[in-house]
Each structure stands twice: as C-alpha cells, then as structure tokens.
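# Coordinate analysis (summary)
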Amino acid sequence: MKADTAKTLRAFAVELVVYAALVVGYFFLVLHFLGDWLLQLELHHRTTYAGTAILLIIGQAVVLESLTTLLLRMIRGRSE
Amino acid sequence: MFFPISGAHISPIYLAIVGFLIGIMGGFFGVGGSFIAGPALRLAGLDWNFAVGTDLAHIVGKSVVAAKRHRALGNIDLRLGLIMAIGTIGGAEVGAQLIQMLKRAGNVNTVVSIVSIAVYLGISSFMIWESWKTFQMQKNKAPRANLKGPERKRDESAFKPATRAIQRMKIWPMVSLPVSGVKSISLWVIIIVSFVGGVFSGFLGGGAGYIRMPSMVYLLGIPTHLAVGTDLFEIIISASYGTFSHAIKGNVDILIALVMNTGAAIGAQIGAICTQYFTGPKIRLAFVPLPLIGVVIVIYTLWSGHKL
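A few points on the structure. (Residues numbered from 1 in each chain as written. Chains lettered and ligands numbered in written order. Predicted model: local features only at pLDDT ≥ 70, side-chain atom pairs only at ≥ 80, totals over all residues. Heavy atoms only, no water.)

Residues and elements named next belong to chain B. A complete count under the given rule lists five aromatic pairs over all chains for this structure. Between the aromatic rings of Phe28 and Phe278, the centroid separation amounts to 5.3 Å while the plane-to-plane angle is 85°, which identifies the pairing as edge-to-face. With Phe28 in helix α1 (residues 12-29) and Phe278 in the loop between α11 (254-274) and α12 (280-287), this pair connects stretches of sequence that are 250 residues apart. On the basis of an interplanar angle of 40° and a centroid distance of 5.8 Å, the ring pair of Phe126 and Trp129 is categorised as tilted. Of the two residues, Phe126 and Trp129 are both situated in helix α5 (residues 108-138); the distance of three residues between them amounts to about one turn of the helix. With a relative accessible area of 41%, Trp129 lands in the partly exposed category. Linked through ring pairs, Phe28, Phe29, Phe278 and Phe287 together constitute an aromatic cluster. (Phe/Tyr/Trp six-rings, centres within 6.5 Å; stacked < 30°, edge-to-face > 60°. Helix = DSSP H or I, 4+ residues; strand = E, 2+ residues; numbered from the N terminus. Buried < 20%, exposed > 50% of the residue type's maximum accessible area, 1.4 Å probe, protein only.)

See below:
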C-alpha cells in the first residue's frame, strides 16, 4: 500500500513538472497572441465575444483534460 | 501579467494556484467554488463585476474537466443533469429578479445575508446530524470494503425514509433514472429541487452547488458519487448560460478564466479521483465546512459593510 502511494505521489510530481512547463509556454505564446484579438472582439462584437469565450474555455478544458490524462498514462504506464 | 480586457495586472501563478485549489474542491464535492474564487479575484484587484463574470467562465472550464473524469468513473446521470439544467436556469432568473425587487425595496443586503446564513447553517447542521447517524447505522452492517462495483457506490443515509416518501409521490409525469438507481420519481420533484437551487444561485451568486448537491442526495435519493458528478455536468450548462449573459454585459475577462483553468484542470482531476477512496457519508461529512465558509464570508460582509 505504501509503495503504491509513493509511486502515485512520484508520478504526480513528475506530471506536475511536465504540465507546469507546458502551461508556462502556453501563457506566453497562445494567450499573448489571443489577447489583442479578444480585446477587439470584446469592445466591438460583444455577442461574438460571449460565444467565443464559452468555446475557448470549453475547448481548453477538453484539451487540458486529455493532456493530463495522457501524461498520467505515460508516467504511470496505465490509466487512473 | 497584464490582462487587457479587464485592465488588471495579476500574477498568472496566483491565478493557476487559486484555480488548482478550487479545482480539487470542485472535483471532490461537485461545487463551483465561487465563494472562494470570487473573493480571491477581488483580492487580486479585479473589479467586482469582472470577478463574478470571470469566475462563472472559470467554473465552466473546471466543471468540464471534472465532469469528464467523473463520466469516466461512471458518476454522471446525463438524463438527470439535463432535466436539472432546465430548473436551474429558470430558478437563476427568478433569483436575479428577486434581487432586483429587494434592491428597489432598499433592503437587499440584510435580507440576502440573513437568508444565506440561515440556509448555510441549516445545511451544515443537517449534514453533520445525518452523516453521524449514518455512521452509527453502518456500524451494525457488513464493511463496505467487501462490496464491489456499483454496490460500493450505493449510499447509506439516515434520511432514507423521507427520500422514499418523496420518490413515492405520484405526480405525473414520472421518470426513471436507472443510472442513479431511482426506479420512479416525479419530474416535478426534480424540476422543483433544481429550480430552488437555481433561485439560490441567482439570489446568493455562484453555482449554489452547496445547496444542490445535498438536495440531490437527500431529496431525490441520488447516491453521493453520482450527485457530485451530475451536479458538475449540470453546472456546465447553467454556468455557460451565466457566462454568456455576463459576457454580453461586459463582465467577463476570458483570458483570466483561461489561466485559472490551467490550474483547475489538474486540481479537478485529483478531486474527482479522490472520490473513489471515500464512501458517500464521508464525502458528505467533509462537505460540512463549505457552507460554513459561506457563513463566515456573509458575516464579514455584514460586519464590515464591504462586499468581498
């Protein structure tokens, strides 16, 4: 039981490091480029902005969930 | 990092950490966590209107991640979630209208504060009593570790007689919820429960998961694990509606919500996975402090005159 817990914690720590590196890259690349475009949309096309906001947050959530699941599988060698 | 839509300077690390903590809570309890996210965004210097709207957008993202994980664990009743979404959206609109009425009457803060303190304290006290009674009942039964598969998720509850009485009410149309193990229940009961949750959501703000999740367990008889997962699925729909509405009014900085969601994505998965290791009564007992945090926040706002 203890060995299993240690393995889980180790896998989680590795996942966190890999994930953090990917997310930092995401902050500076994707969000930086999206910023101006979204600002213009928010100022001039509010309804389109509202729809785009929902699509973006759902899209990102789906991608991140798949990414974290994939990372867990790669690191632990099996799905949770 | 500068967020041009709201004009705020906020550390992305801070946002990701807040998202991570709320994600764990949301994945485990099936709540939106707005009573923590809202104040956390205010603390970072975001205007109140942006804090409310952006928090809703973040709740959508976090709930998608947690709901996907709960779906993989078999913890979502899609039929129940869709029915509840109708009641919640309707209730949220009524709650918002009630707020407008109270604003016109000039006593909105006092009424909302007293109602919320009473509701939060009531939920916490009831859940402490019910969980304790259930633990007492379980002492005389076979250990749940011996049970396998869906049997392990089947809940014990000291409130079961009242739940059965509610399920026996024959008010047409009746629906069955095979995923949740409910053979027959009136559609109106589900709509009313979700509608009341929606009213509190519109009245007190946020997703009101701390009212809806216990209502699903005690009034509809949904097993705790399924109530958590289904509540998250339902929150996706109702919070999306709220996000759209707030975004049109210029209250959503989606860039902040996206950054918060990076932390929430991993936190929500951890929270959802953790539900596997706890029985229903333990999850319900651990839930008790959440409404109490709400009480502390409301008393603080009453005392200081500031809205967090």
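Moving on, we get to the nonpolar core. Residue and element names in this part refer to chain B. Core analysis: the biggest nonpolar cluster contains 96 residues, and Ile190, Leu220, Ile222 and Ile254 have the highest contact counts within it. When residues no more than four places from it in sequence are discounted, the contact partners of Ile190 are Leu80, Ile83, Met84, Val175, Leu177, Ile185 and Leu220. Counting residues in hydrophobic clusters, the runner-up holds five residues, among them Ile99, Leu102, Val108 and Phe203. (Core = buried A, V, L, I, M, F, W, Y, C linked by side-chain atoms within 4.5 Å. Contact = heavy atoms within 4.5 Å.)

This part covers the side chain of B:Thr275. All names here are of chain B. Structurally, Thr275 is set in the loop between α11 and α12. From its side chain, Thr275 meets the backbone oxygen of Ala272 in a polar contact 2.5 Å long. Setting aside its immediate chain neighbours within four residues, Thr275 contacts Gly27, Phe28, His70, Leu73, Asn75, His225 and Ile283. (Polar contact = N/O pair within 3.5 Å; in protein donor to acceptor, adjacent residues only side chain to side chain.)

For the rest of this paragraph, the subject is a nonpolar patch on the surface. All names here are of chain B. There is a patch of nonpolar side chains on the surface, built from Val94, Leu98, Met101, Met169, Ile171, Trp188, Ile192, Phe195 and Val196 and spanning about 760 Å² of accessible area. Within the residue set of the nonpolar patch, elements represented by two or more residues are α4 (78-105) and α8 (187-204). Top element by residues in the nonpolar patch is α8. It accounts for four residues. Its place among the elements puts Met101 in helix α4. (Patch = residues over 30% accessible without salt bridge, like charges linked within 9 Å, V, L, I, M, F, W, Y side chains within 5 Å. Areas by Shrake-Rupley, 256 points an atom, 1.4 Å probe, with all protein chains shown as cover. Salt bridge = Lys/Arg side-chain N within 4 Å of Asp/Glu carboxyl O.)

We now examine the pairing of strand β4 (residues 182-186) of chain B. Residues and elements named next belong to chain B. Alignment of strand β3 (residues 174-177) against β4, held across three bridges, turns out to be antiparallel. In the sheet register, Leu177 faces β4, and the bridge partner there is Val182. Count of turn residues in the β3/β4 antiparallel hairpin: four residues, of which Gly181 carries a positive phi of about 75°. (Pairing = 2+ DSSP bridges.)

Turning to α8(B), a few remarks are in order. Residue and element names in this part refer to chain B. The terminal C-alpha atoms of α8 lie 26 Å apart, and with 18 residues this matches the ideal 26 Å at 1.5 Å per residue to within 8%. Among all positions in α8, only Val189, Ile190, Ile191, Val193, Ser194, Gly197, Gly198, Val199, Phe200, Ser201 and Phe203 are buried. On its buried face, α8 sits against α4, α5, α7 (160-168), β3, β4 and α9 (209-218). Where α8 begins, the side chain of Ser186 points an oxygen toward the backbone nitrogen of Trp188, at a separation of 3.1 Å. (Expected span 1.5 Å × (residues − 1).)

The next subject is the interface of chain B and chain A. Tallying the contact residues gives 33 residues for chain B and 33 residues for chain A. Among the residues of chain B in contact with chain A, B:Leu258, B:Thr262 and B:Ile266 are the three that bury the most area, contributing 19% of the side total. For the interface between chain B and chain A, the tally reads one salt bridge. As a salt-bridge pair, A:Glu65 and B:Lys68 come within 3.1 Å of each other at their nearest N and O atoms. Applying the counting rule to chain B against chain A returns seven residue pairs in polar contact (both at pLDDT 80 or more). Secondary-structure elements contributing two or more residues to the side of chain B that touches chain A are α1, α3 (48-72), α10 (224-248) and α11 of chain B. Per element, the largest residue contribution to the side of chain B that touches chain A is twelve residues, and it comes from α11(B). Residues that form the side of chain B that touches chain A fall into these classes: 22 nonpolar, seven polar and four charged. (Buried area = accessible area lost by both parts, 1.4 Å probe. Nonpolar A, V, L, I, M, F, W, Y, C, P; charged D, E, K, R; others polar.)

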